[in-house]
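Geometric and topological summary
Chain by chain, the residues run as shown.
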Amino acid sequence: MFESIKKKFTAEGNESAGSTGKPDINREKSAELYAKAKTFFPGGVNSPVRAFKSVYGTPLFIKRGDGCHLWDADDNQFVDFCCSWGPLILGHNNAKVREKVIEVMQNGMSFGAPTALENELAELIIKNNKFIEKIRFVSSGTEAVMSAIRLARGYTKRDKILKFEGCYHGHTDSLLVKAGSGLVTFGETSSAGVPKSFADETIVVALNDREAVQKAFEEFKDQIAAIIIEPVPANNGLILQEKEYLQYLREICTQNGTLLIFDEVISGFRIGFEGAAGYYQIKPDILTYGKIIGGGLPVGAYGASAEIMSNVSPDGGVYQAGTLSGNPVAMAAGIAQLSELLRMGFYRDLNNKTEEFTEAIQRFATARNYKFKVFTIGSIFWFAFTDKEAIRNADDIDASSMEKFKKLHRELLNRGVYLGPSGYEVGFISSAHTKIDLEKAKRAIFDSLEVVFREK
Ligand SMILES: *Cc1c(COP(=O)(O)O)cnc(C)c1O
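Residues numbered from 1 in each chain as written. Predicted model: local features only at pLDDT ≥ 70, side-chain atom pairs only at ≥ 80, totals over all residues. Heavy atoms only, no water.

The name that an unreviewed UniProt entry assigns to the protein is Glutamate-1-semialdehyde 2,1-aminomutase, with the source organism given as Mucilaginibacter xinganensis. Looking at the Subcellular location (unreviewed entry) heading of the UniProt record, one finds this comment for the protein: "Cytoplasm". The record held by UniProt for the protein lists under Cofactor (unreviewed entry) the comment "pyridoxal 5'-phosphate". (UniProt positions renumbered as here; feature names shortened; annotations may be inferred.)

Spelled out as structure tokens, the structure:
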């Protein structure tokens with residue numbers, strides 16, 4: 001992941017992209033706020049990709065969101081396809097979520113003691129997800145993954161973890177590793193500050209490569225506690241895997257007494273209520289959630305069978321805790337949001353809408369022979385400047401194509417469409433994106449692609 005982290009966060013940005021046919025939007029107030037933010041925060045932000053390092057211009061400071069729309073500090077309006085990086089499957093400022101949060105807030109913000117709201121959210125999830133019997137709420141995706149890894153190690157009494165190049169699992173130390181050279185390698189740290197000895201416990205292989213996984217199990221027999229994968233890898237482009245490959249991972253884990261962890265922080269509640277596990281009908285041993293589960297407030301979770309979860313403290317010896325875990329206001333947002341997702345036809349409508357949108361864009365590009373593909377699953381999409389029919393591992397992504405994304409991003413902002421500020425990020429469609437909004441966005445995307453492909 002290091003290369004892509006580097007690409008995402010340190011690529012050269014901000015020089016003029018040349019003649020574009022549309023004047024740049026006014027970013028005066030955002031620029032002022034950004035200048036001030038830089039005096040407070042490293043890079044002026046509280047999470048690196050927000051700094052717009054891989055795209056043109058200063059980051060936009062957001063003032064307000066409603067439905068599928070965003071407004072920045074300079075009052076520019078956008079159709080938003082970032083959706084807070086995935087959590088907002090109902091769009092911004094959804095009335096049901098907002099009202100539930102306000103109602104619960106009236107009674108206080110945090111107690112550090114159990115509340116009925118935790119039961120309610122847990123029941124909502126477990127009753128509608130056959131892959132987990134018990135769950136533990138935490139406050140972020142990173143925390144969920146970190147805890148799942150500890151649980152897998154505690155349960156199997158093994159230390160090593162196998163992960164895939166091109167999957168992101170948050171910023172926990174043992175997963176900030178990238179592949180070295182060779183088929184099966186110990187990871188090299190992809191962040192300063194991660195001890196080499198931690199990375200030595202993490203094996204990194206390419207996605208969609210059975211031989212590499214096979215070899216890892218031969219080399220580290222009875223040492224691998226868990227394989228962790230994003231079953232829908234969506235943090236480094238959208239690197240969709242074949243079901244047979246995920247099934248293969250399931251089988252090799254079972255044969256070796258290794259736990260299979262599906263990191264569903266992005267895919268959970270996104271490509272269906274049961275996430276990727278439900279979509280592919282593959283049962284992992286531990287699942288992690290984040291993003292959508294909290295309705296826009298900070299919630300993460302990990303879940304598994306009752307037997308595996310019995311290893312978590314205070315029942316078992318795997319310690320894990322949190323001052324604000326199960327926070328009532330955050331639980332309220334989760335309850336309100338997930339209840340909407342359980343409505344009949346919710347995912348069918350959302351996914352159909354996405355398919356229509358992405359197919360129209362693909363048709364447009366194909367008719368003009370653009371080297372451009374829209375990859376999609378559920379309500380996730382990714383614009384790739386490639387002519388490959390499928391992208392199955394991180395090496396299939398052409399880093400130089402990101403120059404084109406950078407231009408596209410600028411053209412889209414100038415036409416009122418907001419995408420995450422990196423070509424390695426996917427886009428999301430929410431239930432708040434109406435046909436009219438999508439039609440408008442589509443036109444902006446067509447015009448922008450024309451500009452991007454007009455320049456050589
Ligand atoms: C976003 C994400 C994380 C990290 O979650 P945070 O809430 O940002 O800590 C971990 N895994 C996957 C698959 C994610 O998409």
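Here we come to the UniProt feature "modified residue: N6-(pyridoxal phosphate)lysine" (unreviewed entry) in the protein. Under the UniProt annotation, the feature "modified residue: N6-(pyridoxal phosphate)lysine" (unreviewed entry) is placed at K291. Relative to the helices and strands, K291 resides in the loop between β12 (286–289) and β13 (300–304). Residue classification places K291 among the partly exposed residues on the basis of a relative accessible area of 25%. Ignoring sequence-local partners within four residues, the contact set of K291 consists of W85, P87, V265, I266 and V299. (Helix = DSSP H or I, 4+ residues; strand = E, 2+ residues; numbered from the N terminus. Buried < 20%, exposed > 50% of the residue type's maximum accessible area, 1.4 Å probe, protein only. Contact = heavy atoms within 4.5 Å.)

Pairing within the open sheet is antiparallel, and its three strands lie in the order β14-β15-β17. Lying at the two open borders of the sheet, with one neighbouring strand each, are β14 (373–377) and β17 (427–428). (Pairing = 2+ DSSP bridges.)

Moving on: the domain arrangement of the protein. In terms of domains, the protein is made up of domain 1 (2–92 + 345–454) and domain 2 (95–341). Put simply, the middle of domain 1 and the middle of domain 2, counted by C-alpha atoms, are 26 Å apart. Residue-level contacts link 30 residues of domain 1 with 33 residues of domain 2. For the pairing of domain 1 and domain 2, the buried interface totals around 2800 Å² over both sides, and the portion due to carbon and sulfur atoms is 62%. At the boundary of domain 1 with domain 2, the tally comes to one salt bridge. One salt bridge connects E242 with R392, and the closest N-O pair in it is separated by 4.0 Å. At the boundary of domain 1 and domain 2, one finds eight residue pairs in polar contact (both at pLDDT 80 or more). Mapped by element, the contributors of at least two residues to the side of domain 1 that touches domain 2 are α1 (2–10), α12 (346–367), β14 and β15 (380–384). Of the residues forming the side of domain 1 that touches domain 2, the biggest block, five residues, is contributed by α1. Here the residues of the side of domain 1 that touches domain 2 sort into 20 nonpolar, seven polar and three charged. (Domains from an automatic or database assignment. Buried area = accessible area lost by both parts, 1.4 Å probe. Salt bridge = Lys/Arg side-chain N within 4 Å of Asp/Glu carboxyl O. Polar contact = N/O pair within 3.5 Å; in protein donor to acceptor, adjacent residues only side chain to side chain. Nonpolar A, V, L, I, M, F, W, Y, C, P; charged D, E, K, R; others polar.)

Okay, unusual backbone geometry next. In this chain, S313 is followed by P314 through a cis amide linkage whose omega measures 10°. In this structure, P314 sits in the loop between α10 (306–309) and α11 (328–341). Positive phi values are uncommon outside glycine, yet K157 reaches one of about 55°. Its place among the elements puts K157 in the loop between α5 (141–156) and β5 (160–165). When its relative accessible area of 72% is taken as the criterion, K157 is described as exposed. Its identity is not glycine, yet N369 carries a phi of approximately 60°, on the positive side. Relative to the elements of secondary structure, N369 occurs in the loop between α12 and β14. Residue N369 is classed as exposed on the basis of its relative accessible area of 70%.

Moving on, we get to the site of the ligand. Every residue near the ligand is listed here: S140, G141, T142, Y168, H169, G170, E230, N235, D263, V265, I266 and K291. One of the side-chain N or O atoms of N235 is found 2.9 Å from an oxygen atom in the ligand. When its residues are assigned to classes, the shell around the ligand shows three nonpolar, six polar and three charged. (Near = heavy atom within 4 Å.)

We now examine the state of the cysteines. Counted by the stated rule, this structure contains zero disulfides. Free cysteine C68: the closest other cysteine sulfur is in C83, separated by 8.0 Å. (Disulfide = S-S within 2.5 Å.)

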